[in-house]
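What follows is the residue order along each chain.
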Amino acid sequence: MSKTPVMGDPNSVSPNSTRDGWINKLDRKRAEGPFFDGHRVRNQGFSTQAVHAGTHDDPRTGAVGTPIYQASTFILGEDQYGSVEGGFARDRFIYSRYGNPSQWAVQEKLATLEGAESAIVFSSGMAAITASVLALVDKGAHVVAASDLYGGTFNLFNQEFPSLGMSATLVDSYDLEAIEAAIQPNTQMLYFEVITNPVLKVVDIPALVEIAKRHQIRLVVDSTFAPPPVMRPLELGVDLVIHSASKYLNGHSDLIAGVAAGPRKLVDQIWPRLLNYGGSLDPHACFLLERGLKTLPIRMRAHEESATALAKYLETHPAVDRVLYPMLPSHPDHARAKQLMKMGTGNVTFFVKGGDMAALKLMNHLRLPKQATSLGGVESLISLPFNSSQATMTSRQRAAIGIDPGCVRLSVGIEDASDLIADFEQAFTAISTKEMTDA
Ligand SMILES: *Cc1c(COP(=O)(O)O)cnc(C)c1O
């Protein structure tokens, strides 16, 4: 009697069972890409890579810059038919959820900037995170992750994992002993953010690499707060790097996108999840992201310059209790920041004396920074964890992850530092005179 085939046979062998040493075969080279021929910019400077890698002129008209391939589908020829049969459909254009030239152009730019063999773009950072994690973790398996993760990622582990038969233990990303102790026989992944939000911890990535290698499990990091050139986690030995490209990578607060980059073998394993969950990036959004990336290096220099000046100003202001900016010696992780970060970013967190109400007053008197969540845009953005990102927590829960009263999250844009400082100066003056007249 013939058996009805069972879809998703739980006894099938998974490529994520790394304890058999499979992970060690990651260095087995596959072809990089998929990339176009002839647009490789690998050994040149970072700004040259940002402008030229992956970008190609229109061969038909000579129009400068990658055309927007606003097509859902592609003509099927022998090569395309053969690619499906031969298992290399990721290397051909068939249908835009599978791959599109606009995606390839921006993927090559991103892979080049990260020093990766391969990259895939997604319709959001969360789509990149979900597809990557679910591709690399099996039913019944376990993940060790940071306790102060981005909210959406926390929800993936907290809300989605149980029904998928997966589990996660959340540990303080500073506590290497606790991280190692949390590893179980079924742990398949360490998942961390290289710089945490909002207290801007600089996580000891080389130590996590060492732990992951010793236990033969993969280390996946979210590097949204440290885009290249600030950090290139793959060079530190991380297996896969993920970003919300909605932030610094695109840099203009005008699109939602995500990316996962790493060895071709791993990215090829994530690609079917892109197809199944459907989070592919639209060609027009690819064009915007490609354009944004061209100025990433000069934007990062401008972010760093304005953020450093503003952080120094805030540090000397009597109404400010404490400033957290990793590139300043006052930051608890300054030594590690100097070791792991090539430069600073625009993220500055500070604590106003007088608590959350004082912070609220200050924020309401500022004219330049916009009150909005998100980060990494050319315009400065400001928000308070107590009434936005961490509003559902109690003040005690917030304090446990370093969010003391008066905490202000600032993503410094690329405006002139002198204008930002003048704006803060007038806001501080306004709240102090108001307090005096109130009294
Ligand atoms: C914004 C963000 C995400 C989610 O990205 P989306 O593009 O909004 O889906 C993930 N991780 C971090 C650290 C983020 O800041």
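These remarks concern the structure in this document. Keep in mind that this is a model prediction, so the values were computed, not measured.

1. What to know about the sheet that holds strand β7 (residues 258-262)
- Across the sheet, 7 strands lie side by side as β1-β7-β6-β5-β4-β2-β3; this open sheet has mixed pairing. The open sheet has two free edges, formed respectively by β1 (118-122) and β3 (167-171), since each of these has just one partner strand. Across the sheet, the mean angle from the axis of one strand to that of its neighbour is 20°, orientation sign disregarded.
- Of the pairings in the sheet, the one linking strand β2 (residues 142-146) to strand β4 (residues 187-193) comprises 4 bridges and is parallel in character. Within β4, the position partnered with H142 by the bridge is T187.
- The strands touched by helix α4 (residues 125-136) within the sheet are β1, β4, β5 (218-222), β6 (240-244) and β7, with β6 carrying the most contacts at an inclination of about 155°.

2. Some thoughts on the nonpolar core
- Counting 91 residues, the largest nonpolar core has Y191 and L289 as the members making the most contacts within it.
- If you tally residues by element for this core, the top one is α4, at 8 residues.
- Of the domains in this structure, domain 1 (23-294) and domain 2 (300-438) are the two that each give at least three residues to this core.
- Not counting residues within four places of it along the chain, the set of residues in contact with Y191 comprises I129, V133, V143, V144, A145, A146, L149, T153, F157, V220, D222 and I242.
- By size, the runner-up hydrophobic cluster in this structure holds 28 residues, among which are A311, V352, V408 and I431.

3. Side note on the sheet that holds strand β12 (residues 407-411)
- Spatially, 5 strands are ordered β8-β9-β12-β11-β10 in an open sheet, and the strand pairing comes out mixed. Only two strands of the sheet have a single neighbouring strand rather than two, namely β8 (320-324) and β10 (370-371).
- Where β10 lies against strand β11 (residues 381-383), 2 bridges are found, and the strand directions are parallel. Residue K370 lies in a different strand from β11, and its bridge partner there is L381.
- Most of the contacts of helix α12 (residues 355-365) go to strand β9 (residues 347-352), to which it runs at about 125°, and overall it touches β9, β10, β11 and β12.

4. Some thoughts on the site of the ligand
- Near the ligand there are 14 residues, and of these G125, D222, S244, S246 and K247 occur at the shortest range.
- Taking G125, its main chain carries an N or O atom lying 2.9 Å from an oxygen atom of the ligand.
- A distance of 2.7 Å separates an oxygen atom of the ligand from a polar atom in the side chain of K247.
- Look at the ligand: alone it shows 380 Å² of surface, and the protein chains cover 92% of it.
- Broken down by element, the shell around the ligand gets its largest block of residues, 3 residues, from α4.
- When the residues that make up the shell around the ligand are grouped by side-chain class, the tally is 7 nonpolar, 5 polar and 2 charged.

5. With respect to the packing of aromatic side chains
- Taken as a whole, this structure holds 10 aromatic pairs when the rule is applied.
- Summarising the aromatic geometry, the rings of F157 and F161 are spaced 4.9 Å apart at their centres and angled 85° between planes, so their arrangement reads as edge-to-face. Pair check on accessibility: F157 and F161 agree, each one buried.
- Taken together, the ring pairs connect F36, F74, F93 and W104 into an aromatic cluster.
- Of note, K201 hangs over the ring of Y174, and the distance from its end group to the ring centre comes to 4.7 Å.

6. A look at the packing of α4 against helix α5 (residues 151-160)
- As a packed pair, α4 and α5 sit with axes 10 Å apart at the nearest point and diverge in direction by 30°. In terms of crossing hand, the pair formed by α4 and α5 is right-handed. Contact residues: M126, I129, T130 and V133 in α4; G152, T153, L156 and F157 in α5.

7. Thoughts on the pattern of salt bridges
- Applying the stated criterion across every chain yields a total of 12 salt bridges.
- Note that D268 is salt-bridged to R90, the shortest N-O span being 2.7 Å. Of this pair, D268 sits in helix α8 (residues 264-277) while R90 sits in the loop between α2 (78-86) and α3 (101-114); the two residues are 178 residues apart in sequence, bridging distant segments of the chain. Neither residue differs from the other here; D268 and R90 are each classed as buried.
- A salt bridge links R264 to D268; its shortest N-O distance comes to 2.9 Å. Here R264 pairs with D268, and both are found in helix α8, just 4 residues apart, close to one helical turn.
- When salt bridges that share partners are traced, they join R90, D91, R264 and D268 into one network.

Cut-off values and rules
- Residues numbered from 1 in each chain as written.
- Predicted model: local features only at pLDDT ≥ 70, side-chain atom pairs only at ≥ 80, totals over all residues.
- Heavy atoms only, no water.
- Pairing = 2+ DSSP bridges.
- Helix = DSSP H or I, 4+ residues; strand = E, 2+ residues; numbered from the N terminus.
- Axes fitted to C-alpha atoms, helices over the stretch in contact; angles between N-to-C directions.
- Contact = heavy atoms within 4.5 Å.
- Core = buried A, V, L, I, M, F, W, Y, C linked by side-chain atoms within 4.5 Å.
- Buried < 20%, exposed > 50% of the residue type's maximum accessible area, 1.4 Å probe, protein only.
- Domains from an automatic or database assignment.
- Near = heavy atom within 4 Å.
- Polar contact = N/O pair within 3.5 Å; in protein donor to acceptor, adjacent residues only side chain to side chain.
- Areas by Shrake-Rupley, 256 points an atom, 1.4 Å probe, with all protein chains shown as cover.
- Nonpolar A, V, L, I, M, F, W, Y, C, P; charged D, E, K, R; others polar.
- Phe/Tyr/Trp six-rings, centres within 6.5 Å; stacked < 30°, edge-to-face > 60°.
- Lys NZ or Arg CZ within 6 Å of the ring centre and 35° of its normal.
- Left-handed = near helix turned anticlockwise from the far one by under 90°.
- Salt bridge = Lys/Arg side-chain N within 4 Å of Asp/Glu carboxyl O.

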